[in-house]
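A closer look at the structure
One letter stands for each residue in the lines below.
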Amino acid sequence: MAKEIIEETEVRPDGSKKIVKRSVEKGISFGSVLAMVISFVTWKSVGWAIIHGLLGWVYVIYYIIKY
């Protein structure tokens, strides 16, 4: 997962400036990847793997409880 730092300058009402740094993470989470792998191995379907990947940890926990 790549992390990008965005730097912005914020001007306050009194005229002073404040530098604001924000980090943005890109990519998909481990839960989503795990859900897609479990789904594809179980159901052999790319469509279901994508849907379950969107659900992420919800599907992983459901799979552990159900099976």
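Rules behind the numbers
Along each chain, residues carry numbers from 1 onward, in the same order as the chain's sequence is written. With the structure being a predicted model, the display of local features is reserved for residues of pLDDT at least 70 and the display and counting of side-chain atom pairs for 80 or more, all residues being used for whole-chain, interface and lining totals. Side-chain figures throughout are based on the complete set of non-hydrogen atoms in the structure, without hydrogens or water. Numbering of helices and strands starts at the N terminus; helices are DSSP runs of H or I of at least 4 residues and strands are runs of E of at least 2. Partly exposed describes any residue whose relative accessible area lies between the buried limit of under 20% and the exposed limit of over 50%, with all areas from a 1.4 Å probe on protein chains only and scaled to the type maximum. The directions considered for the arc run from the helix axis to the C-beta atoms. Contacts are assigned to residue pairs with any non-hydrogen atoms lying within 4.5 Å of each other. Any pair of N or O atoms that falls within 3.5 Å is considered a polar contact. Within protein, one atom must be able to donate a hydrogen and the other to accept it, and sequence-neighbouring residues count only if both atoms are side-chain atoms.

Some remarks on the environment of I5
Mapped onto the elements, I5 comes out in strand 1 (residues 2–11). What makes I5 exposed here is its relative accessible area of 62%. Linking I5 and R22, residues 17 residues apart in sequence, is a C-alpha distance of 5.6 Å.

A few points about helix 2 (residues 46–55)
Residues A49, H52 and G53 constitute the buried set of helix 2. Projected down its long axis, helix 2 shows its buried positions confined to an angular sector of 110°, all on one face. In this structure, the buried residues of helix 2 make contact with helix 1 (30–43) and helix 3 (57–66). Its side-chain oxygen placed 3.4 Å from the backbone nitrogen of G47, S45 serves as the N-cap of helix 2. Within two residues after helix 2, G56 carries a phi angle of roughly 60°, on the positive side.

Quick word on the side chain of S32
Within the secondary structure, S32 is located in helix 1. There is a polar contact of 3.1 Å between the side chain of S32 and the backbone oxygen of G53. Setting aside its immediate chain neighbours within four residues, S32 contacts G53 and G56.

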